[in-house]
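Structure assessment
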Amino acid sequence: AARVSVRRWLGELRRRDTTRRMGALRWRMVKSNEVAVGNIIEYNNQKMKIEKLENTMQGRGSNFISLEMRALENNKKHSARLRTGEKIELVELTRKTMQYLYQDAGEAHFMDMDTFEQISASSHILGNYQYYISEGEELEVKLSMANEVVLADTPKHTTITLDRIDEASADRVAAQKLNAKASNGRVVSGVAAFVTPGTSVVVDVETESYVSRA
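Please read all numbers here as calculations on a predicted model, not as lab measurements.

Here strand 16 (residues 200-204) runs beside strand 17 (residues 209-213); their pairing, made up of four bridges, is antiparallel. Pairing of V201 across the sheet is with R213, part of strand 17. Hairpin connection from strand 16 to strand 17: four residues lie between these consecutive antiparallel strands, with E208 at a positive phi of about 55 degrees.

This paragraph deals with the environment of T56. Looking at the secondary structure, you find T56 in strand 4 (residues 46-57). A relative accessible area of 25% places T56 in the partly exposed class. With 27 residues separating them in the primary sequence, T56 and R83 have C-alpha atoms 9.7 Å apart. Contact partners of T56, with chain neighbours within four places excluded, come to S62, N63, F64 and S66.

In this structure, F110, L126, V149, L162, V188 and V191 are the most contacted members of the largest nonpolar core, which totals 30 residues. Sequence-distant contacts of V188, that is, excluding residues within four places in its chain, are made with Y132, L162, L178, N179, A180, A182, V203, E208, S209 and Y210. One finds V35, M48, L67 and L90 within the second-largest nonpolar core, a separate group that totals 13 residues.

Looking now at the pairing of strand 12 (residues 149-153). Extensive coverage of strand 12 is indicated by the burial of four of its five residues. Bridge count between strand 11 (residues 138-143) and strand 12: four bridges; the pairing is antiparallel. Paired with E140 across the strands is D153, a residue of strand 12. Between the end of strand 11 and the start of strand 12, which pair antiparallel, lie five residues, with N147 showing a positive phi angle near 65 degrees.

Rules used in this analysis
Residues numbered from 1 in each chain as written. Predicted model: local features only at pLDDT ≥ 70, side-chain atom pairs only at ≥ 80, totals over all residues. Heavy atoms only, no water. Pairing = 2+ DSSP bridges. Helix = DSSP H or I, 4+ residues; strand = E, 2+ residues; numbered from the N terminus. Buried < 20%, exposed > 50% of the residue type's maximum accessible area, 1.4 Å probe, protein only. Contact = heavy atoms within 4.5 Å. Core = buried A, V, L, I, M, F, W, Y, C linked by side-chain atoms within 4.5 Å.

Laid out in structure tokens, this is it:
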């Protein structure tokens, strides 16, 4: 009977190692070569979104996975180098389209359009898009098992109007790129010299840089 109990106990430990619950989230142990860009993993006690992944090979057949990630809690970038096949924790989330309502005290508030339930999360999950998002906008978000918003899929580009062009640093004709203040108060860099105040432009959200006229 004792041997059966030990066997059951070991089996339970293996199951917990494969799929387990911690707080409101669910983790699944996977190999490093099984993850993909866009996945959320637990690394150094932080939830990280994988933004870039590269397989590298060194001498004697040693393979590694290089990851560039962003922490969901504070939007800071991190990097990691893992052995191919090394076990990591993949966070399992569900997708849902929700409506953005407003931001207050560092939190973004969303509404479930099916239940009308309001859910809040750190504004960091929006990245720089927190400065450009409009009330009533619909976003696809990723939810934990406790119905908490963990991540939001934001657009790479957005459109905004420029209020003022910075002419103090250089002559407009000579300078190819200038800074400008947008209608939301943010500074947009790399604005073409021919762009004038009042122009609507396309902005790269991550770098807050000029892409083109809208």
